Amino acid sequence: MAYPDVFEKLVSLAKRRGFIFQSSEIYGGTGSVWDYGPLGVELKNNVKARWWNAMVRQRDDVEGLDAAILMHPKVWEASGHVAGFSDPMIDCKTCKARFRADQLQGAPCPRKPSKHPGEHADCLLTEPRQFNLMFKTFMGPVEDSASVVYLRPETAQGIFVNFLNVQQATRQKVPFGIAQIGKAFRNEITPGNFTFRTREFEQMEMQFFVEPGSDMEWFERWKAARLEWHYALGLAPDRLQFHQHGETELAHYARAAFDIEFDFGGTLGFQEIEGVHNRSDFDLSQHQTVSGKRLEYVDQAANKRYLPYVIETSVGADRVTLAILVNAYREETVPGEEEGRTVMGLHPTLAPITTGVFPLTKKDGMPEKAEKLAAELRKEFPVFYDDAGAIGRRYRRQDEAGTPFGITIDQNTMANDTVTIRTRDDMQQIQLPITQVADRIRAYLRSDVSTAEVKHFSPV
Ligand code: ATP
């Protein structure tokens, strides 16, 4: 099935509901930098918490780390980023547009979008020039070459240089991993597609250190585990696939690399959201050489020392959040109503707001009762209280926010303490004693299925 391109509508919904805003919008925006609004920050935090739980908390063989963004400049010489972290760039002298040379065939000519750059008679393309993607700045008061530092273009190097610190502090034995979440910066030549490719983004990376020889077995295990993680976020299985790096794509030190791709719909189609790489001992060996410090692991039981191989899993927090938003966006007709609705079918455990609480009217003690329930539920779940406007409108706003439940306080609540719960996906409305609401929501979130699959709460 071909998925439609929902980007334009999604950008507008994201702004309207407060998921994502353009950075510095009142000044005309900053190139491909975005800010997360009240709903977006909750969603992205939920994604990061899910990753941290799966990768660190629920395992005893992975340790957490939060390394600094600014690192010693030699790190980037050792890693190869100073010499080689560049993309070939081509400019069009006629229309002043800039392209990545390796993406020319996929890019439209700005003057004639049905053609590619170089195909229009007026196109005047330059030769490809290498453009380093690292942001450079200066440390200290003097701006000279001795004080150059870089904003890290990936979080991984913070892990490699701390390999022995973590191993010795935790007394972990190989195989074990180190995981971290943090900002990375790349001066991308052709950013775009909303938050898909930005110049400032967050990565969730894990390096798993293994004995050489066991690397391919661990590589396969991590590949499978990471795909499972994406399924558990509610991404449609037919929108996920592996892409194996061929000979030409593979970094010279990499023994194997697979991308997990998500189908973003439209012409963008399947694109990388995560990379799973077997990096051999390349990074540790480079840092050992450049720093002059021994980074070998000492296996006391087997009485040997070696540089471990590394299996890396690297996923963009923003890119996977975008995949989740694209996956969730849907428009549908509503039986008996002229106007359809837009729904963000977010997995209930990821939704920024778990439940809306709505007094049907602003009188007869309903707001007081609703506020009391909201305060009670808020101890455990993110709750949105709304007493303004028609109830249908309030439901619709929460549908767009992706809120899986709505609880309405009505005449029945005042008479016999039952409330109406509406589920976002099937719009079913069920009466339930007010005392059972928290239990139901809790059970529901634990059940790990979408609200469409869990048909309903049993009626009282
Ligand atoms: P590309 O070739 O598309 O530039 P890459 O292969 O260099 O990407 P990696 O270095 O493997 O990407 O980065 C790992 C993950 O970090 C990617 O799968 C993606 O989710 C995320 N990522 C990388 N670059 C960006 C970016 N500019 N904006 C948002 N996320 C990014």
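Nothing here was measured: the structure is a model prediction, and the numbers come from that model.

Novice: Give a detailed account of the overall build of the chain, specifying residues and quantitative values.
Specialist: Within the chain, the regular secondary structure consists of 13 helices and 23 strands. Along the three orthogonal principal directions, the C-alpha set of the chain runs to about 75 × 70 × 50 Å. Out of the 460 residues in the chain, the part that is buried amounts to 50%. Entry remark: accessible area of the chain is about 22,100 Å², with carbon and sulfur atoms responsible for 50%.

Novice: So what about the domain arrangement of the chain? Which residues, and what values?
Specialist: For the chain, the domain assignment lists domain 1 (7–74 + 138–326), domain 2 (86–132) and domain 3 (343–447). Summarising the inter-unit geometry, the C-alpha centres of domain 2 and domain 3 are found 52 Å apart.

Novice: Which residues make up the packing of helix α2 (residues 38–57) against helix α9 (residues 317–328), and what values go with them?
Specialist: One way to put it is that α2 packs onto α9 with a least axis distance of 10 Å and a crossing angle of 115°. Classified by the interaxial angle, the pair formed by α2 and α9 is roughly perpendicular. In this structure, α2 meets α9 at a crossing whose hand is right-handed. Facing Leu-43, Lys-44, Val-47 and Lys-48 of α2, the residues of α9 in contact are Ala-317, Asp-318, Val-320, Thr-321, Ile-324 and Leu-325.

Novice: An account of the confidence of the model for the chain is requested, with residue identities and associated values reported.
Specialist: For the chain, the average pLDDT comes to 92, and 97% of its residues sit at 70 or higher. Scored below 50 in pLDDT, residues 449–460 shows 34 contacts in the model against residues more than four places distant or in partner chains.

Novice: Account for the pattern of salt bridges, naming residues and giving values.
Specialist: Any two side chains of opposite charge can pair if their charged atoms end up close together. Counting across every chain of the model gives 36 salt bridges. Linking Glu-400 and Arg-16 is a salt bridge whose minimum nitrogen-to-oxygen distance equals 3.1 Å. Note that Glu-400 is positioned in helix α11 (residues 391–401) and Arg-16 in helix α1 (residues 7–17), a separation of 384 residues in sequence. Note that Arg-422 is salt-bridged to Asp-399, the shortest N-O span being 3.1 Å.

Novice: Can you explain helix α13 (residues 437–446)? Please cite residues and give values.
Specialist: All of the buried residues along α13 are Val-437, Ala-438, Ile-441, Tyr-444 and Leu-445. For α13, the angular spread of buried residues about the axis comes to 135°, placing them on one side. Taken together, the buried residues of α13 touch β19 (355–359), α10 (366–378), β21 (405–409), β22 (418–423) and β23 (429–433).

Novice: Got a sec to walk through the site of the ligand? Specific residues and values, please.
Specialist: Within the structure, the ligand sits among 15 residues, and Glu-188, Arg-197, Thr-198, Glu-272 and Ile-273 are positioned closest to it. Between the ligand and the protein, one listed contact pairs an oxygen atom with a side-chain N or O atom of Gln-203 at 3.3 Å. The contact in question runs from an oxygen atom of the ligand to an N or O atom on the backbone of Ile-273, over 2.9 Å. When isolated, the ligand has an accessible area of 610 Å², and the protein chains bury 83% of it. Elements with a minimum of two residues in the shell around the ligand: β10 (200–210), β13 (270–278) and β16 (309–316). Among the elements that make up the shell around the ligand, the one with the highest residue count is β13 (four residues).

Novice: Describe the packing of aromatic side chains, with residues and values.
Specialist: Following the criterion strictly, the structure yields 17 aromatic pairs and no others. Note on Phe-208 and Trp-218: the rings are 4.6 Å apart at their centroids and 45° apart in plane angle, and the pair reads as tilted. With a gap of ten residues between them, Phe-208 in strand β10 and Trp-218 in helix α7 (residues 215–232) connect regions that are remote in the sequence. With respect to burial, Phe-208 and Trp-218 carry one shared label: buried. Connected via pairs of aromatic rings, a cluster forms that spans Phe-7, Phe-196, Phe-262 and Phe-264. The ring of Tyr-395 carries Arg-422 above its face, with NZ or CZ at 4.4 Å from the centroid.

Novice: Explain α9 residue by residue, including any values.
Specialist: Taking 1.5 Å of rise per residue, twelve residues should cover 16 Å, and α9 covers 16 Å from first to last C-alpha, within 8% of that figure. Looking at α9, one finds that the buried residues are Ala-317, Asp-318, Arg-319, Val-320, Thr-321, Leu-322, Ala-323, Ile-324, Leu-325, Val-326, Asn-327 and Ala-328.

Novice: Break down the sheet that holds strand β12 (residues 256–263) for me, with residues and values.
Specialist: Across a sheet, strands are paired by hydrogen bonds formed along the backbone, either parallel or antiparallel in direction. A sheet is described by the order of its strands in space; here seven strands give the open sequence β3-β9-β10-β16-β13-β12-β11, paired in mixed fashion. Across the chains shown, the open sheet's two edge strands, defined by having one partner strand only, are β3 (62–64) and β11 (240–244). For this sheet the average axis-to-axis angle between neighbouring strands, irrespective of direction, equals 25°. The pairing of β13 with β16 spans five bridges and is antiparallel. Paired with Asn-278 across the bridge in β16 is Ile-311.

Scoring rules and cut-offs
- Residues numbered from 1 in each chain as written.
- Predicted model: local features only at pLDDT ≥ 70, side-chain atom pairs only at ≥ 80, totals over all residues.
- Heavy atoms only, no water.
- Helix = DSSP H or I, 4+ residues; strand = E, 2+ residues; numbered from the N terminus.
- Buried < 20%, exposed > 50% of the residue type's maximum accessible area, 1.4 Å probe, protein only.
- Areas by Shrake-Rupley, 256 points an atom, 1.4 Å probe, with all protein chains shown as cover.
- Domains from an automatic or database assignment.
- Axes fitted to C-alpha atoms, helices over the stretch in contact; angles between N-to-C directions.
- Parallel < 35°, antiparallel > 145°, perpendicular 65-115°, else oblique.
- Left-handed = near helix turned anticlockwise from the far one by under 90°.
- Contact = heavy atoms within 4.5 Å.
- pLDDT = per-residue confidence, 0-100.
- Salt bridge = Lys/Arg side-chain N within 4 Å of Asp/Glu carboxyl O.
- Arc of directions from axis to C-beta.
- Near = heavy atom within 4 Å.
- Polar contact = N/O pair within 3.5 Å; in protein donor to acceptor, adjacent residues only side chain to side chain.
- Phe/Tyr/Trp six-rings, centres within 6.5 Å; stacked < 30°, edge-to-face > 60°.
- Lys NZ or Arg CZ within 6 Å of the ring centre and 35° of its normal.
- Expected span 1.5 Å × (residues − 1).
- Pairing = 2+ DSSP bridges.

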